[in-house]
There are 2 protein chains.
Amino acid sequence: MVKAKSWTLKKHFQGKPTQSDFELKTVELPPLKNGEVLLEALFLSVDPYMRIASKRLKEGAVMMGQQVASRLQQKEEKWVRTGPSWAAGTDFIPGVSWPGVIFLTHEVRNMELIYVSGLLTVAGCKVVGAAGSDEKIAYLKQIGFDAAFNYKTVNSLEEALKKASPDGYDCYFDNVGGEFLNTVLSQMKDFGKIAICGAISVYNRMDQLPPGPSPESIIYKQLRIEGFIVYRWQGDVREKALRDLMKWVLEGKIQYHEHVTKGFENMPAAFIEMLNGANLGKAVVTA
Amino acid sequence: MVKAKSWTLKKHFQGKPTQSDFELKTVELPPLKNGEVLLEALFLSVDPYMRIASKRLKEGAVMMGQQVASRLQQKEEKWVRTGPSWAAGTDFIPGVSWPGVIFLTHEVRNMELIYVSGLLTVAGCKVVGAAGSDEKIAYLKQIGFDAAFNYKTVNSLEEALKKASPDGYDCYFDNVGGEFLNTVLSQMKDFGKIAICGAISVYNRMDQLPPGPSPESIIYKQLRIEGFIVYRWQGDVREKALRDLMKWVLEGKIQYHEHVTKGFENMPAAFIEMLNGANLGKAVVTA
């Protein structure tokens with residue numbers, strides 16, 4: 001018998017998640033069935049989306065999430081990416097299909113353009129970033145942002161955006177939402193495009209959402225706003241994207257930074273810290 | 001000398017516009033210069049957008065707007081569409097370019113799909129409408145809506161939308177905004193498309209906008225939202241659209257209804273009534 005640890009959602013979050021919302025459980029795993037693989041988690045991910053996606057879990061269920069794992073039952077130490085849970089010891093995946101790709105998603109929370117900066121710089125775009133600490137700003141400038149500012153210390157987000165790009169913005173990659181998004185919308189150029197993939201600024205207050213954006217921005221500027229989740233792209237398209245991204249990382253065309261927390265027992269702490277913005281880059285937990 | 005009457009914005013609206021926000025003025029027009037045409041207003045339009053577009057006017061300026069006019073200085077009584085003002089007696093347009101096309105925009109405020117219903121019904125779409133009176137609902141059903149409900153009397157907008165289309169909605173043409181839009185977004189199908197051309201439900205409270213839509217709707221349903229104004233389409237494209245629309249009206253392929261107020265002196269009253277939803281169809285004032 002193999003023992004496995006997992007973090008469960010003891011009770012649904014009210015406002016900011018706290019340590020007591022989670023419970024660590026240990027279970028004995030049943031023998032493997034045909035097609036199943038025994039995995040050991042190596043790196044686990046904590047992400048903003050978990051704050052709201054957990055609403056769909058029953059209390060007592062294992063937290064959802066992604067991890068990089070190794071197969072325990074093969075000698076070959078090929079890394080695999082496993083399914084959705086905060087399960088450290090082991091995990092089952094019938095028919096593992098993902099190659100060894102660690103997460104390429106960077107700190108997108110308050111640095112919306114970091115992920116695309118490598119590509120956009122090449123294409124001749126001006127890239128502006130906002131982040132919540134001077135350390136993050138220094139990192140953004142280091143990896144080639146044309147302009148970056150600390151949105152927590154500027155007098156006015158609107159003025160900071162105007163100063164960084166007086167002509168306005170063509171594109172905005174949004175993971176912040178709320179008042180921040182409203183202000184950016186007011187600074188878009190006509191026919192600007194906004195991709196929305198997250199809204200971390202409101203996840204702790206979904207019951208009392210802040211005022212919506214001015215319809216004037218959307219109508220008069222004729223903006224296009226599109227929501228998306230990564231699972232839109234499946235099969236070959238996804239496979240190719242993962243390989244391309246890995247290649248660009250290895251070639252240095254995509255810069256990334258990881259914020260690593262050690263120890264599976266610190267999953268809730270890493271999650272809470274990440275929601276508070278304490279991480280510089282992708283928040284990862286080593287099992 | 002020709003005398004001309006015009007309605008001016010005496011003071012900017014606070015909340016709901018009132019009669020005292022307007023002032024009727026009479027001026028003597030200077031002699032025509034080369035390239036100018038003397039026009040007499042026949043039909044004037046009052047539209048929701050004027051509620052917020054007036055913010056850009058200086059107090060004392062003539063209210064913006066559109067009208068159908070006749071040329072006073074030609075014998076030919078060819079109708080022309082004039083520029084933006086609530087000016088009744090006359091109006092100048094250097095180089096009149098529009099053929100005699102009255103507005104085809106229907107009552108879109110609480111009947112978002114009426115404009116496209118003729119086309120969509122032909123294309124095999126199911127068309128659902130919401131409006132604020134039983135009389136409007138009867139009209140929607142008369143012109144071929146598959147389903148229509150009075151959003152003011154239903155117990156729950158969400159339930160009414162679910163009942164009218166249990167599988168959700170592919171497209172939504174929004175002129176309402178606010179909480180209404182938020183509820184519709186929650187009932188869209190994945191990859192649904194929303195065209196936003198107005199937001200009448202919030203125009204009287206732009207300083208205290210209602211909560212924004214749930215980011216969950218936009219992200220998880222991967223919705224596409226696009227704002228637009230009619231002036232996006234200029235030149236030949238606009239000319240062709242106006243001719244096509246006129247043709248479809250004459251052929252009966254597009255149904256319309258006008259809510260006519262008599263007398264230029266009643267412009268403010270017609271405008272205020274229209275914002276209160278008293279009109280069935282396009283609100284028009286005869287000069």
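What you see is a predicted model; the values in this text were computed from it and never measured.

Asks: Kindly report on the sheet that holds strand E11 (residues 224-227) of chain A, identifying the contributing residues and their values.
Replies: Sheet strands pair by backbone hydrogen bonding; their relative direction is either parallel or antiparallel. Strand order across the open sheet formed by six strands is E9(A)-E10(A)-E11(A)-E11(B)-E10(B)-E9(B), with mixed pairing between neighbours. Taken across any chain shown, the strands that pair with only one partner, and hence form the sheet edges, are strand E9 (169-174) of chain A together with strand E9 (169-174) of chain B. Recorded for the sheet is a direction-independent mean angle of 10° between the axes of neighbouring strands. Note that strand E10 (residues 188-196) of chain A and E11 of chain A share four bridges and pair parallel. Its bridge partner being in E11 of chain A, alanine 195 of chain A is matched across the sheet by glutamate 226 of chain A.

Asks: Give me the interface of chain A and chain B: which residues, what numbers.
Replies: Listed per partner, the contact involves 33 residues of chain A and 33 residues of chain B. In total, chain A and chain B occlude about 2,700 Å² of area from one another, counting both sides; carbon and sulfur atoms represent 60% of this. On the chain A side of the interface with chain B, the three residues burying the most area are Ile219, Tyr220 and Gln222 of chain A, jointly 22% of the side's total. Run the count over chain A and chain B and you get four salt bridges. Between lysine 55 of chain A and glutamate 216 of chain B there is a salt bridge; the shortest N-O distance is 2.8 Å. Of all the elements in the fold, those that place two or more residues in the side of chain A that touches chain B are helix H1 (49-53), E10, helix H6 (215-220) and E11 of chain A. The element best represented in the side of chain A that touches chain B is H6 of chain A, accounting for five residues. Classifying every residue of the side of chain A that touches chain B by side-chain character gives 22 nonpolar, five polar and six charged.

Asks: Quick one: what's the story with the environment of leucine 9 of chain B, residue by residue and with numbers?
Replies: Residue and element names in this part refer to chain B. Looking at where leucine 9 falls in the secondary structure, it is placed in strand E1 (residues 2-9). Classification of leucine 9 by relative accessible area gives buried; the value is 0%. For leucine 9 and serine 54, which are 45 residues apart along the polypeptide, the C-alpha to C-alpha distance reads 7.9 Å.

Asks: Explain the pattern of salt bridges residue by residue, including any values.
Replies: This model, assessed by the stated rule, comprises 22 salt bridges over all chains. A salt bridge links arginine 205 of chain B to glutamate 179 of chain B, with the nearest nitrogen and oxygen atoms 2.9 Å apart. Of this pair, arginine 205 of chain B sits in the loop between strand E10 (188-196) and helix H6 (215-220) while glutamate 179 of chain B sits in helix H5 (residues 178-186), and the two are 26 residues apart along the sequence. Owing to a relative accessible area of 31%, arginine 205 of chain B belongs among the partly exposed residues under this scheme. A single salt-bridge network, built from bridges that share partners, covers Arg224 of chain A together with Glu226 and Arg232 of chain B.

Asks: A description of the packing of helix H4 (residues 157-164) of chain B against H5 of chain B should follow, citing residues and the corresponding values.
Replies: All names here are of chain B. For the pair H4 and H5, the least separation of the axes is 10 Å and the interaxial angle reads 40°. Classified by the angle between their axes, H4 and H5 sit oblique to one another. Once H4 is placed against H5, the crossing between them reads as right-handed. On H5, the residues that touch Leu157, Glu158 and Leu161 of H4 are Phe180, Thr183 and Val184.

Asks: So what's going on with the relation of the copies chain A and chain B? Residues and values would help.
Replies: Each copy superposes on the other: chain A lies on chain B with an RMSD of 0.1 Å after a rotation of 180° and an axial shift of 0.0 Å. The superposition operator between the copies reduces to a two-fold rotation axis. Most of the interface of chain A is mirrored in chain B: 100% of its interface residues are interface residues there too.

Asks: Can you lay out the packing of aromatic side chains for me, pointing to particular residues and giving the numbers?
Replies: Applying the stated rule across the entire model yields 14 aromatic pairs over all chains. The rings of Trp7, Phe13, Phe22 and Phe271 of chain A are connected pair by pair, giving a single aromatic cluster.

Asks: Go over the side chain of glutamate 226 of chain B, please, and point to the residues and values.
Replies: Mapped onto the elements of the fold, glutamate 226 of chain B is located in strand E11 (residues 224-227). Residue glutamate 226 of chain B is classed as buried on the basis of its relative accessible area, which comes to 19%.

Asks: Before we move on, can you summarise the domain arrangement of chain A with the specific residues and values?
Replies: Residues and elements named next belong to chain A. Along its sequence, chain A is carved into domain 1 (2-97 + 258-286) and domain 2 (112-230). Taken together, the contacts link 13 residues of domain 1 with eight residues of domain 2. Here domain 1 and domain 2 share an interface that buries about 880 Å² over both sides, 66% of which is from carbon and sulfur atoms. Contact with domain 2 buries area across many residues of domain 1, yet Arg51, Ile52 and Leu280 alone supply 49% of it, more than any other trio. Summed over the shared surface of domain 1 and domain 2, the result is zero salt bridges. At the boundary of domain 1 and domain 2, one finds four residue pairs in polar contact (both at pLDDT 80 or more). Of all elements in the fold, only H1 and helix H8 (267-275) reach the threshold of two or more residues within the side of domain 1 that touches domain 2. When residues in the side of domain 1 that touches domain 2 are grouped by element, the largest group, three residues, is from H1. Of the residues belonging to the side of domain 1 that touches domain 2, the class tally is seven nonpolar, four polar and two charged.

Reading the values: the criteria
Residues numbered from 1 in each chain as written. Chains lettered and ligands numbered in written order. Predicted model: local features only at pLDDT ≥ 70, side-chain atom pairs only at ≥ 80, totals over all residues. Heavy atoms only, no water. Pairing = 2+ DSSP bridges. Helix = DSSP H or I, 4+ residues; strand = E, 2+ residues; numbered from the N terminus. Axes fitted to C-alpha atoms, helices over the stretch in contact; angles between N-to-C directions. Contact = heavy atoms within 4.5 Å. Buried area = accessible area lost by both parts, 1.4 Å probe. Salt bridge = Lys/Arg side-chain N within 4 Å of Asp/Glu carboxyl O. Nonpolar A, V, L, I, M, F, W, Y, C, P; charged D, E, K, R; others polar. Buried < 20%, exposed > 50% of the residue type's maximum accessible area, 1.4 Å probe, protein only. Parallel < 35°, antiparallel > 145°, perpendicular 65-115°, else oblique. Left-handed = near helix turned anticlockwise from the far one by under 90°. Least-squares fit on C-alpha atoms with pLDDT ≥ 70 in both. Phe/Tyr/Trp six-rings, centres within 6.5 Å; stacked < 30°, edge-to-face > 60°. Domains from an automatic or database assignment. Polar contact = N/O pair within 3.5 Å; in protein donor to acceptor, adjacent residues only side chain to side chain.

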